[in-house]
Each structure stands twice: as C-alpha cells, then as structure tokens.
Amino acid sequence: LLDITLPDGSGLDILRRVQGRNIPTIMLTARADETLVTFTGDPSTDAPRLAHRRFLRARVALESALSSCLPLSLPPRPPAMPLARLSAGLFAPSPSQQSCDGAIEFIEARNRAEQVRAALRWLKARIVRDDIALGETALLARDVEPYRAFVEEVAAEFGMPVYFGEGGILVANPAIAALLNFLAVPLQDFPRRRVIDAWRSPYADWSAQGIETGDAERLDAAARWGQVIAGREQWGDTLARLTRASPRADDADDDAAPLVAPTGAAASALSKKFQAFAARLTPPARATMRDYTAWIEALIGDDPDQLTRYAHESDLSLRMVARARAAAETDERDVAALREFKNVLRALVFAETVLNRAREITFADFWMELRGAVEAASYRVPPPEGTETVLVASTLSARGLSFRAVALIGLSEGEFPRTTLEDPFLPDADRAALGLTPRLTGDELTFFYEAVTRAREQLLLTRSYLADDGQPWEPSPYWEHVLELVDAKPVRSDLLPPEDAASLPELLAAAPLSPAEAQSCEGEEERRLAVRHGAAVLAARTAAAARGPFEGDLAALRARLTRDYAPARPWSASRLETFGNCPFAFFAAYALDLEPRPPAEAGYDVRQLGTMYHAVLEMLYRDAPDPTNLDALLGALPAVARHVFDAAPETYGFRPTALWRQQRAELEHILVDTLRALAEASDGWRPREFELAFDSLVLRGDNGDEIRLRGYIDRVDVNTEGKLRVVDYKAGASTISKNDLDDGKRLQLALYALALRDALGKGEPIAGMYWHIGAAKASSLKLEKYPGGIDAALAKATAHAWSHASRVAQGDFAPRPPDGGCPSWCPAAAFCWRYKAKK
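The following refers to the structure shown. Just so we're clear, the structure is a prediction, and the values are computed from it rather than from any experiment.

Criteria and cut-off values
- Residues numbered from 1 in each chain as written.
- Predicted model: local features only at pLDDT ≥ 70, side-chain atom pairs only at ≥ 80, totals over all residues.
- Heavy atoms only, no water.
- Pairing = 2+ DSSP bridges.
- Helix = DSSP H or I, 4+ residues; strand = E, 2+ residues; numbered from the N terminus.
- Contact = heavy atoms within 4.5 Å.
- Axes fitted to C-alpha atoms, helices over the stretch in contact; angles between N-to-C directions.
- Buried < 20%, exposed > 50% of the residue type's maximum accessible area, 1.4 Å probe, protein only.
- Polar contact = N/O pair within 3.5 Å; in protein donor to acceptor, adjacent residues only side chain to side chain.
- Arc of directions from axis to C-beta.
- Parallel < 35°, antiparallel > 145°, perpendicular 65-115°, else oblique.
- Left-handed = near helix turned anticlockwise from the far one by under 90°.
- Nonpolar A, V, L, I, M, F, W, Y, C, P; charged D, E, K, R; others polar.
- Salt bridge = Lys/Arg side-chain N within 4 Å of Asp/Glu carboxyl O.
- Phe/Tyr/Trp six-rings, centres within 6.5 Å; stacked < 30°, edge-to-face > 60°.
- Lys NZ or Arg CZ within 6 Å of the ring centre and 35° of its normal.

1. So, the sheet that holds strand β12 (residues 455-464)
Move 1: Reading across the sheet, the seven strands line up as β5-β10-β4-β11-β12-β3-β13 and stay open at both edges, with parallel pairing between neighbours. Each of the sheet's edge strands pairs with one partner strand only, and the pair in question is β5 (162-164) and β13 (491-492).
Move 2: When strand β3 (residues 104-109) meets β13, the two strands line up parallel, connected through two bridges. Bridged to E108 within β13 is R492.
Move 3: Against the sheet, helix α3 (residues 82-89) touches β3 and β12, its axis set at about 65° to β12.
Move 4: Relative to β3, helix α17 (residues 477-485) is tilted by about 140°, and along the sheet it contacts β3 and β12.

2. Re the environment of G580
Move 1: Looking at the secondary structure, you find G580 in helix α22 (residues 573-581).
Move 2: The class for G580 is buried, based on a relative accessible area of 0%.
Move 3: G580 sits 161 residues away from L741 along the chain, and the two C-alpha atoms are 9.8 Å apart.
Move 4: Dropping the residues within four chain positions of it, G580 is found in contact with G744, K745, H804 and R816.

3. A word on the side chain of Q458
Move 1: As for its placement among the helices and strands, Q458 is situated in strand β12.
Move 2: In this structure the side chain of Q458 is engaged in a polar contact, spanning 3.3 Å, whose partner is the side chain of R126.
Move 3: If we skip the residues at most four places from it in the chain, Q458 touches L83, A103, W122, R126, D130, I132, R404, A405 and V406.

4. Thoughts on helix α7 (residues 192-200)
Move 1: Along α7, the residues that are buried comprise R192, V195, I196, A198 and W199. Within α7, the buried residues cover an arc of 155° as seen down the axis, which keeps them to one side.
Move 2: The inward-facing, buried residues of α7 contact α6 (174-187), α8 (215-226), α9 (232-244) and α10 (264-281).

5. Description of the packing of helix α24 (residues 606-623) against helix α25 (residues 630-652)
Move 1: Relative to each other, α24 and α25 sit at 140°, their axes nearing to 9 Å. The angle between the axes of α24 and α25 places the two elements in the oblique class. When you trace α24 past α25, the crossing you get is right-handed. Contact residues: α24 offers Q608, T611, M612, A615, V616, M619, L620 and Y621, while α25 offers L633, A636, L637, V640, A641, H643, V644, F645, A648 and Y652.
Move 2: When grouped by side-chain class, the residues that make up the contact of α24 with α25 number 15 nonpolar, three polar and no charged.

6. Examining the pattern of salt bridges
If the charged atoms of two oppositely charged side chains come close together, the side chains can form a pair.
Move 1: Within the structure shown, the criterion is met by 41 salt bridges.
Move 2: The residue D215 makes a salt bridge to K273 at a minimum N-O spacing of 2.7 Å. On the criterion of sequence distance, the pair formed by D215 in helix α8 and K273 in helix α10 is long-range, its members being 58 residues apart. There is no split in this pair, since D215 and K273 are both buried.
Move 3: When salt bridges with common partners are traced through the structure, they connect R192, R200, E217, D220 and R224 into a single cluster.

7. Focus: the packing of aromatic side chains
For any pair of aromatic rings, geometry is given as the distance between the ring centres together with the angle between the planes.
Move 1: Taken as a whole and judged by the stated rule, the model has 32 aromatic pairs.
Move 2: Ring centres 5.9 Å apart and planes at 80° place the aromatic pair W295 and F363 in the edge-to-face group. Of this pair, W295 sits in helix α11 (residues 289-300) while F363 sits in helix α14 (residues 363-375); the two residues are 68 residues apart in sequence, bridging distant segments of the chain. In this pair, the class of W295 matches that of F363, namely buried.
Move 3: Ring centres of F587 and F813 lie 5.1 Å apart, and the angle between their planes is 35°; this geometry places the pair in the tilted category. Of this pair, F587 sits in helix α23 (residues 583-591) while F813 sits in the segment after α29 (790-810), and the two are 226 residues apart along the sequence.
Move 4: Under the relative-accessibility criterion, F587 is labelled buried at 16%.
Move 5: Through successive ring pairs, a cluster of aromatic residues spans W571, F579, F584, F586, F587, Y590, F813, F831 and W833.
Move 6: A cation over a ring is seen here: R112 above Y147, with NZ or CZ 5.4 Å from the ring centre.
Move 7: A cation over an aromatic ring shows up here: R463 above the ring of W479, its NZ or CZ 5.8 Å from the ring centre.

Structural data, given as structure tokens:
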C-alpha cells in the first residue's frame, strides 16, 4: 500500500514519468490531495511469486518515481474459502492440493461452441439453483472474439441477457458487412453473387428503384441462364436476350430443359430495375473524401427515430438504419455499428482537413482508405437499461471486478496462455539496452491469476479437446496446474442429463421422442410441439437406415401424389431413371420443382455440350444424300458444325470464353472421331429417323392400370431386312452396363425401343445401344446382348417403370445415395442429409 500525498498539479508529471511501464494507473490531477495505490503481493519477501511479478514491476517503477514513498503491508487474512486457498496456491513455490468443496469445477467440451454452451448452462444453474443474481456472474476468456457468435446464439436460446465488455469488430457486424458489399458492387463491376446478395439483403430498401420481393430470385435465374459473371455489359446483354425470348415450353425431353428465367415483359421490367439499381450504387468517378463520405451517408439514410424524412418519396437512400431498427432482436447492435461506421467516415474527413489534403481521388482509392479504417474499428452496444446481465469480457477487461460466480473458458494450449514470441528484429536484450519494455515478460501468468481471482464463491474452468480442424487439442498448462491444486476432476459435456438442460431444445435433445410420440403431443404449446418434432426428425435422420415419415415416407400425401401423377399425365424416361437412382432426388427435382444451382461460369456445360452434339449429328445425317457415305459426312461436317457453333451461345444460352474458337476446333475433331467409329459400328445399318418424338407409349399393369410415356428418340437405324436399331447419344463418359438396367437406373434405351414398336408402329426393333460421343464408342449395355435378348430387356424396363411410378404414387421417396456417390448437380445436394460426394 503506497500512501501518496502530491502537491497541486504534480500527479500528471509523475504519471508521465512512469508511463509505458505496464503500471495500472489512472489520470491523477489536482483533484485529489491524497491517493492510495494498492498492489497484490508481499513486499517483505525476497522471492515474489510468479503470479505477482507484473505487480512487483509496477510497484518498483512507482517507488522509483516517488523515492520518498515506502510501501505499507496490509494485515494478511487466512485463506479460509476454497477460492481464496486456490489464489494462495496459484504459481506458489511449493503448492499442495486443497479441497475445493465443489466451488471449482472443470468441463471438457468438443469444440468452442459446446464449450460456450456448457459454460452458460453452468452459469444458468448458479442463477436458478444458487439464487445468484445475473449481475453477479461473468463469462471470461483470454480473447472473447472467437466465442462471440456462439455466446450470442446460446444466450438467446437460454434466455440469458448478456453484455459484452469489449466492442465487437466493426467489419464483422452483419449490417456493416452488407454495406461494404453494396459499395464493392460497382468496384468489381457488378459481379453476379454480390448483386444478388444486395437485392436480397434485409438491410436495404430498394423500393425507390422498383425492386420488389421475389425480384432477386428472378434476377438470379436470369443471370444463371445467361451465365453472367460480372459486368454491366453482360447483365444488359442477358436481360435483352431474355426480353426477346419466348416463355419456356414444356419440353418432352427433361434432359434438355433449360433453367427457368423471366422472359418478355418480365425480363424487360427486370432490366429497368437493374439499371436503376446500378445507377444508385455507382459513385462519382472522382471526388474529395468529404464528397464520397456525403454520398455514402446519403446511401445509408438517417435514423428514423431522429428524423421523419422517410415519409417523402424523394428519399433515395437504402434506409439502412430504419431497416436495422425494424429487427427487434438485433436493432441495438446494428444501429450501434452503423453509428460507428459514420464516425469512421467523419474521422476520414477530419484527417483530410487537419492534414490539408483535400483533393479529388478515385473511388478505388477512397475504398482502400475506408476499408482499412473499418477493419481497425470496433463498436460497442450499450447495455440494456434496467436489466441485469451476465458480463462477457476478456480477462484484461474484467480486472478489478468481483463476481460470485465466474466461468473461464478457452483453457487450451496456445489460447491461454497466449503464445508470445520475441521480436526477431529487436530481441529483448537489445530492448533492455535501449530502455524499452521487454516482450517476454511472462505477464500471462498474472492475467490468469487475475481471471481466477474474479470469482468469490464459485469458479468453472472449461476447455476444448478438439481444435477447429478436428485434431486433438492439448490442455493449457494453467488447466493442468489448477487440476494439481484442487481435488476436482474434469467432466465431459458430451452427455447431458435431462435435469441439467438449460433450454427446451436441450431437454428434448437429451430425451428425444419417437415420431409417434412427437405427433401425439396434442394440447402442448406450439413452440414445445415444434421443438419435439425437430428432435424426432433429428433422431430419424441420424439413424443408419432411411425409413419413416422424416426419411422420405410421404404415404400421408398419397391422395395428392396420385392426383399429380395420374395416368393422364405423361412420364419421361429420364424422370423414371432419376427415381431409380435416388427417390429423394426425384422428389426434390420434380415434386418440389427444384433445380441445381451451380455457380455461374463462362463457357458451356455438359448439358449444352450434349445439345450441340445432337444438333450437329442430326443435321449432318438428315441432310446427307447418303448417310452411310463416311467421306461425304466428313466433308459436310465443317459447314454443319460452323452453323451450329456460330448460333450456339445465343441458342443454348452460354457465354463463350476466349477459348471458344479453340474449343470449336476440338469439338469438331471429336465429332470426326465419333463419325468414324460410329460408321464402323454401324456396318449393315442405315440411319433413317432422327429426333423422333413420341407421347403415347402406354404401359399397362397387371391390375389394368396404365401409365403413359413421352420422349425423343435420338436416332433410328434400319438394316436390309427392315429391322430397327435404336441409338441414344450421350455426351458424358460414364459407362452404362447391364447392371444399370437390372437396377432400374437406365431405362431410356429399352423404353425408346418399346415406343418405336408400340407407340409409333415403325417396325420391330432388334438392337439398341448407347453411343458416347466424346469417347467414340458404345457402352457395354446393348439390348440385343441382354440375357434373354431384347424382349427380356424390354420386359425388365417395363417392370421397373411400373415399379418406379407406383412407388412415386405411394410416396416412397427415401434417400438412397448411388454406390459411386451422388452427382454434384443433384438439386438436393445442398441440403440432403444423406448426400455422399463422389470420390
């Protein structure tokens, strides 16, 4: 204890003399005649404890600055309480294990998220069971930021109001992230992803530009159809083409169906909205810092609680503050962040004014300054008025505070103590010679000592035993040290007894219900029923086998499915094959009408490639005087390929890359190879029909029911006896074998042969093959070589078609990943819980 009496005004001078020596000081002024400064430690000992070294350095520095002041020792008090005994033994020379009487607990969790959940659950237990006030509890960490999102989520679930002692990182706030995305859109020349995100953002009101709910999805569909990567020119070209296009037809060939996109007047209206959006987000090419700041503030809009300008139609701002205030759960957080963002803008203007650097700069230069300032800034959310909260703070921010119960998280290796390295350019020896504070001071010991001693009655220590990448994470040496001092043992948070659940979701996860129990919970409040239902769904979907109402069994919708797939509604072979490969993929694609959403890329995709191949081969064989004359076909190929490839980007909706000319030559070379190989495989056959449509193939079941099929047959060959062969072109290289027909995964070829005979009455098919254009060879599955002959192949395909159709009507959509893994283009790939990527 130092008793310091200072003459008027001398306190500030002394503080200047000890500044930079890690001394926890306050700004002393002439307001106080006498000041007491307290330190932890015993000044009478020659060997201070490791945990007190930081305090010793501060005391020595202050004694040196005030040579007339000598420290006084306060009378010691015996450490009777368990936490007091722990404080006395921390980092002491000869510690001995003490009984903690349940006041100190240890929990090991799998990861940071579960660590936060366990710590907040423990604090809630102290509040509920031990009658500790919210304001008497704290959640501490060496660094709060890695845990902030988990704390916000779990605290909301547990119904525990929390207050963060540290400001949040400004750039990580959702409202600020959305605003920065808006500003980056023109800088990156309107990239598709950023544009769609801007239209969808809940933080922006685009009504002044005419943008309405659903427009973002329509614009996204247009961008995917036109393969928009970036650039106002690409956007304009795509929307103009869609304006001229006709609405999508109900194509009988599902494989060739394009993505749904607005056309005609809808595309024209969308184009006008995009132009208004682009004009609003495009900043001046050159301006001063002050002008750019004013432009951004006008874009953000004012606080509606302070002004009433939003009633005016002339307001062209995005009304971001008003949008933020509309979300009751996050309004204070986001409004605080937007206010700090405006402070950052004004600081940039102030710096420009002070330095007399007012000059015009480009928006790119302004963006660099702004981005750097925002990344370095933080913001604080004011504590709720009149409400006690659990303090969430770093160990440094909580120094000097005291709580009845404290949970200290993050006691894993490298996290606490934080790893500190010597400066490679200025080692500590050189720093000492220059009179600078060394970097390797060992202060982490003191920080841990201060964190542990914040608790007066109960203390929880937690750690993760798995790192973010799933690798084992060793405990902190401080964790091991405290375990040596007390008689408590760590427990795992993996298994939660129902009596320790801190929320309804935890209770139901600890004791999940069966689907039947979940559906029979009548009379409970809506939220409880919804959570019980969710727990039952989770239990079903984590089971090894897929079965039950939560695993694609939609028998309850049988009446609806029977109506939607009535005999009058035609099927396609590709839909039946989709069901044969995975029933849930069929449900996602055709019952839910979902489509795969791959990222837009320039160039053609596999489906467009197949369509181009089909078009070239159809025109080539159809217009040839003698389709069996290989030399004539090869001679006509360049002109036909040129005709198809010239129109391909416009016709099939892709954006050619700089390699398009080279790709055309490569595709033509592939077609040459496939023509040669196909001619060799067609000895005795003559091409006769191309893209032959049918829509009335009727398959009758044993019970008298029937289903109707439709489709396009790529090619029909005829031999000298008038017998027919079906050829189905494939652009992909995946092999097709007998097993694919046996398993009901490849039905198209056999069903097309059946349609050729029964629906079209063209004659008797005696052969059929899949032809892989790129590989220039046929698959191993040939109808004439199927065991039992072509009649057996047709019967097998008919049986599978009936089975697939009846299972659809019965609502049997259980997910069944293919043996080789699921295709990335499956419409359910983003959310299917059984999805397995191809190896």
